Amino acid sequence: MDTPQPLLVLSTFPNPDVARQIGTLLVENQLAACVNIIPTIESIYAWNQAIQSDHETLALIKTTRIAYPQLESFLHSSHPYDTPEIIALEIPHGHENYLDWLHQSIPHPPNPDS
């Protein structure tokens, strides 16, 4: 059986409480298998023609390519930022048992070709 491509999605939030609230909803709605929250990072970026620096919270979201469109839509609609960071990276390799758990944690529609 072919397993869906695992993805790591990065998203920043204004604080740990917001990241925790949205991360919990992603897992409850089975759009993510796991969300790790890194409470404080410093972000330096250009915005509105000025260099900005803010403390933010980083969420590392584990999902699959099949679940990604719904996850992105959910994140975009529930995120407090006008332009949220939503970056998906493929996970080419990982521990087989962990990746099996990730796939089993996110239901996938049947493949119409099978």
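Quick summary incoming for the structure in this document. As the structure is a computational prediction, the values presented were derived from the model and not from experiment.

**Some thoughts on the overall build of the protein**
So, step 1. Along its length, the protein carries 3 helices and 4 strands.
So, step 2. C-alpha atoms of the protein, sized along the principal axes, occupy 50 × 25 × 25 Å.
So, step 3. Considering only contacts in the protein between residues 6 or more positions apart, those separated by 24 or more positions represent 73%.
So, step 4. Accessible area of the protein: about 7300 Å², with a carbon and sulfur share of 53%.

**Details of the packing of aromatic side chains**
So, step 1. Summed over the entire model, instances satisfying the criterion amount to 1 aromatic pair.
So, step 2. With 5.3 Å between their ring centres and 45° between their planes, tyrosine 98 and tryptophan 101 make a pair best called tilted. You can see tyrosine 98 and its partner tryptophan 101 sitting in helix H3 (residues 96-105), 3 residues apart, about one turn around the helix.

**Notes on helix H2 (residues 68-78)**
So, step 1. For H2, every residue scored as buried is listed here: Tyr68, Leu71 and Leu75. Each buried residue of H2 lies within a common arc of 60° when the element is viewed along its axis, so the set occupies one face. Along H2, exposed side chains directed more than 90 degrees from the buried face belong to Pro69, Gln70, His76 and Ser77.
So, step 2. Against strand S1 (6-13), helix H1 (16-28), strand S3 (50-64) and strand S4 (87-90) lie the buried residues of H2.

The rules behind each value
Residues numbered from 1 in each chain as written. Predicted model: local features only at pLDDT ≥ 70, side-chain atom pairs only at ≥ 80, totals over all residues. Heavy atoms only, no water. Helix = DSSP H or I, 4+ residues; strand = E, 2+ residues; numbered from the N terminus. Contact = heavy atoms within 4.5 Å. Areas by Shrake-Rupley, 256 points an atom, 1.4 Å probe, with all protein chains shown as cover. Phe/Tyr/Trp six-rings, centres within 6.5 Å; stacked < 30°, edge-to-face > 60°. Buried < 20%, exposed > 50% of the residue type's maximum accessible area, 1.4 Å probe, protein only. Arc of directions from axis to C-beta.

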